[in-house]
Amino acid sequence: MNQERRDRLGDAAIVVLAEAGSRGLTHRAVDAAADVPLGTTKNYFPTREALLRASTERIIELYAAIPRPAPVDRAGLAVLLRTLLEHVEGPGRVRVLALLELQREATRTPWLAAPLDAFAAADFVYFEHVQRSAGLSVTPQRAAAVTLALHAALPQLVGDGPATLAAAGLDDLDGFVNGLLDTVYGAERGGR
């Protein structure tokens, strides 16, 4: 199979998931979003299960391709976290919406939970690693608290409700990130 076409269909499936939800993920909808002849998606992914699996694999692949350098200090970690959250508000918005749809679908489709679980677990490992590389006094609980706060921010950021963003402190990403690190690790000595 043509890998470029397969990736294009996967990208289109992500757009469909973001715009129409998992119930709207059909072969025809993906054909239309990818601007390919009717039946193309079905040729690559013959069943809805295959289409869901391909969407999940593609979204995980796209997340893995996001550059995430390891910070060397707390200020670098704050910049990294803010940049990741800004990405959610911008070019990553469609992927986050699609991922949230896939997570919802996994509650009804048990086989889908395994790859999403592995993906989320890897995120906890990654964020513990970057907190450690920034020189923070990391414990598993502290690392998990930061990661959970970041994960909880995602639906709020894509929801873009001004009152909710303000209530959560997400209307000021620098303040949110630095406040999170201060809460979990204590205020930085000597100020920022």
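For the structure, see preceding data.
A brief look at the structure comes next. (Residues numbered from 1 in each chain as written. Predicted model: local features only at pLDDT ≥ 70, side-chain atom pairs only at ≥ 80, totals over all residues. Heavy atoms only, no water.)

1. Section: the pattern of salt bridges
So, step 1. As enumerated under the stated definition, the model contains 12 salt bridges in all.
So, step 2. As a salt-bridge pair, Asp174 and Arg82 come within 2.8 Å of each other at their nearest N and O atoms. Here Arg82 lies in helix α5 (residues 74-89) and Asp174 lies in helix α10 (residues 173-185), a separation of 92 residues in the sequence.
So, step 3. Put simply, Glu128 and Arg132 hold a salt bridge, and the shortest N to O gap is 2.6 Å. Taken together, the residues span about one helical turn, with Glu128 and Arg132 both in helix α7 (residues 110-133) at a distance of four residues.
So, step 4. Glu128 gets classed as partly exposed once you look at its relative accessible area, which sits at 24%.
So, step 5. On the basis of relative accessibility, which here comes to 44%, the residue Arg132 falls in the partly exposed class.
So, step 6. The network of salt bridges with shared partners includes Asp7, Asp11, Arg58 and Glu61. (Salt bridge = Lys/Arg side-chain N within 4 Å of Asp/Glu carboxyl O. Helix = DSSP H or I, 4+ residues; strand = E, 2+ residues; numbered from the N terminus. Buried < 20%, exposed > 50% of the residue type's maximum accessible area, 1.4 Å probe, protein only.)

2. Considering the side chain of Ser22
So, step 1. Locating Ser22 in the fold gives a position in the loop between α1 (3-20) and α2 (27-34).
So, step 2. Classification of Ser22 as buried rests on a relative accessible area of 2%.
So, step 3. When residues no more than four places from it in sequence are discounted, the contact partners of Ser22 are Leu17, Arg48, Glu101, Glu105 and Arg108. (Contact = heavy atoms within 4.5 Å.)

3. Describing the environment of Asp7
So, step 1. For Asp7, the location among the structural elements is in helix α1.
So, step 2. Spatially, the C-alpha atoms of Asp7 and Ala54 are 9.1 Å apart, while their sequence positions differ by 47 residues.
So, step 3. Filtering out sequence-adjacent residues up to four positions away, Asp7 remains in contact with Arg58 and Glu61.
So, step 4. Within the structure, Asp7 has its side chain in polar contact with the side chain of Gln3 (distance 2.8 Å). (Polar contact = N/O pair within 3.5 Å; in protein donor to acceptor, adjacent residues only side chain to side chain.)

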